[in-house]
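Spelled out, the chains give:
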Amino acid sequence: MKEALFDRVAAHYDSWYDTELGSVSDQVERHLAQSMFKTPGTKVLEIGCGTGQYTSWLVQEGYEVTAVDISAEMMALAQKKLASLEGNTAETKPVHWWQADITEILDQLETYDGIFSMTAFEFVPEPEKILQKLFSRLKPGGCLMIGLIAGRSAWSEYYAEAARNNPSSVFARATLYSKEEIGSWQIGRSAEIGECLFFPPNVQTTAEALAMEEKREGNPGFVVAKWVKD
């Protein structure tokens, strides 16, 4: 398989979470995503598992996870992370790893209680069409949930600037949708939209960020969209 977009950034991808800004951003995004993801059973497909940041949480919650990612380098890091988790926790279910482009394996998917994806659909062409096909792979009562960097926000401007300054940045290949655009996608019933990241990328401290997050003023920098199958 040819080099995937995120292969070249895999080695230092997790370093973002070690920064003060990365840590507090991850904190508020996780709180929102984890509070919204509810399924009728344990069989879950994770799209864009990356380095396993959320795969670890899904496994610890008792889900049987099939983790898909196009990047071999990112998935190798996720496998290492999960191997350590499995070694320390006897109760966890093994992860089924699938290195692939989700747009190319839609016809090979099984049916799932939940489909989960964080910061992947910014890089998927025609996301509405792909999500419609994924929705058809849900069992009754199943939940399809995605998290996205939101367009028309301080964060979308931040990443657009990064792409302008460095055309080889992965964000030069991203499309950032506003919460209104995401909410208009026709995927089953209407989406439930959750919002977070109300502080800008130039916030100075964690305390300042959390104070701004509590006020919830302006456009959110991150959106979680959830569709449930009747």
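> What is the right way to read the environment of tyrosine 112 from this model?
One can find tyrosine 112 in strand 4 (residues 112-118). In this view, tyrosine 112 contacts Lys43, Val44, Leu45, Thr66, Arg137, Leu138 and Lys139; residues no more than four positions away in its chain are not counted. Here glutamate 110 takes part through its backbone nitrogen, which lies 3.3 Å from a polar atom of the side chain of tyrosine 112.

> I keep staring at the packing of aromatic side chains and nothing clicks. Help me out?
What characterises a pair of aromatic rings is the spacing of the ring centres plus the angle enclosed by the ring planes. Here the structure, examined in full by the defined rule, presents 12 aromatic pairs. When the ring of tryptophan 16 is compared with that of tryptophan 155, the centres are 6.5 Å apart and the planes differ by 85°; the resulting orientation is edge-to-face. You can see tryptophan 16 sitting in the loop between helix 1 (10-13) and helix 2 (20-36) and its partner tryptophan 155 sitting in helix 6 (residues 154-165), a full 139 residues away along the chain. When its relative accessible area of 28% is taken as the criterion, tryptophan 16 is described as partly exposed. For tryptophan 155, a relative accessible area of 2% corresponds to the buried category.

> Got a minute to help me understand the packing of helix 2 against helix 8 (residues 206-215) in this structure?
For any two helices packed against each other, the geometry is given by the interaxial angle and the distance between the axes. The contact between helix 2 and helix 8 brings their axes to 10 Å, and the two run at 30°. As judged from the angle between their axes, helix 2 and helix 8 are roughly parallel. As helix 2 packs across helix 8, the resulting crossing turns out to be right-handed. Where helix 2 abuts helix 8, its residues Glu20, Val24, Gln27 and Val28 lie against Thr206, Ala209, Leu210 and Glu213. Looking at the contact of helix 2 with helix 8 residue by residue, the class counts come to four nonpolar, two polar and two charged.

> Whenever I open this one, the pairing of strand 7 (residues 222-228) confuses me. Can you help?
The two faces of a sheet get side chains in turn, since along a regular strand they alternate between them. A large share of strand 7 lies buried, amounting to six of its seven residues. Here strand 5 (residues 138-149) pairs with strand 7 via seven bridges, running antiparallel. When the sheet's bridge partners are listed, cysteine 143 is paired in strand 7 with valine 228. As paired strands, strand 6 (residues 192-196) and strand 7 are joined by five bridges and run antiparallel to one another.

> Even after reading the chapter, I still don't get the sheet that holds strand 7, so can you show me in this structure?
The strands that make up a sheet pair up through hydrogen bonds in the backbone, lying either parallel or antiparallel. Taken in spatial order, the seven strands make up an open sheet running 3-2-1-4-5-7-6, and their pairing is mixed. Each having just a single partner strand, strand 3 (96-99) and strand 6 make up the two edges of the open sheet. Averaged over neighbouring strand pairs, the angle between their axes works out to 15° when direction is ignored. Of the strand pairs in this sheet, strand 1 (residues 43-47) and strand 2 (residues 64-69) are connected by five bridges, and their pairing is parallel. Its bridge partner lying in strand 2, leucine 45 is registered against threonine 66. Here helix 2 sits on the sheet in contact with strand 4, strand 5, strand 6 and strand 7, set at roughly 160° to strand 6. Contacts between helix 5 (residues 127-135) and the sheet are confined to strand 1, strand 4, strand 5 and strand 7, with strand 5 contributing the most and set at about 155° to the helix.

> Would you take a moment to explain helix 6 for this structure?
For the α-helix, the turn length of 3.6 residues means that residues three or four positions removed from each other point alike. Under the 1.5 Å per step criterion, the end-to-end length of helix 6 is 17 Å for 12 residues, consistent within 8% with the ideal 16 Å. Among all positions in helix 6, only Trp155, Ser156, Tyr159 and Ala163 are buried. Looking straight down helix 6, one finds that the buried residues subtend no more than 100° of arc, so they occupy a single side. Among the exposed residues of helix 6, those pointing more than 90 degrees away from its buried face are Glu157, Arg164 and Asn165. Those residues of helix 6 that are buried lie in contact with helix 2 and strand 5.

Rules and cut-offs
Counting restarts for each chain: residues are numbered from 1 in the order of the written sequence. Per-residue local features of the predicted model are confined to residues with pLDDT of at least 70, and side-chain atom pairs are confined, for both listing and counting, to 80 or more; whole-chain, interface and lining totals are unaffected and use all residues. In computing side-chain values, all of the structure's heavy atoms are included and hydrogens and water are not. Helical segments are the DSSP runs of H or I of at least four residues, strand segments are the runs of E of at least two, and each set is numbered from the N terminus. The contact criterion used is simple: two residues touch if any of their non-hydrogen atoms lie within 4.5 Å. Contacts described as polar in this section are N or O atom pairs within 3.5 Å, which, within protein, must combine one atom able to donate a hydrogen with one able to accept it, while residues neighboring in sequence count only if both atoms come from side chains. Only Phe, Tyr and Trp rings take part, Trp by its six-membered ring, and two of them pair if their centres are within 6.5 Å. Stacked means planes under 30 degrees apart, edge-to-face means over 60, and tilted covers everything else. The cut-offs for exposure are 20% and 50% of the maximum accessible area for each residue type, with area from a 1.4 Å probe on protein chains only; residues under the lower value are buried, those over the upper are exposed, and the others partly exposed. In this analysis, axes come from line fits to C-alpha atoms, helices being fitted only over the stretch in contact, and the angle between any two N-to-C directions falls in the range 0 to 180 degrees. Should an angle fall under 35 degrees it is called roughly parallel, over 145 degrees roughly antiparallel, and 65 to 115 degrees roughly perpendicular, with every other angle called oblique. Note: crossing handedness is left-handed where the near helix turns anticlockwise from the far helix by less than a right angle, and right-handed where it turns clockwise. Three classes are used: nonpolar for Ala, Val, Leu, Ile, Met, Phe, Trp, Tyr, Cys and Pro, charged for Asp, Glu, Lys and Arg, and polar for all others, with Gly counted as polar. Any two strands between which DSSP finds at least two bridges are classified as paired. By this rule the span expected of a helix is its residue count minus one, scaled by 1.5 Å. What the arc covers is the set of directions going from the helix axis to the C-beta atoms.

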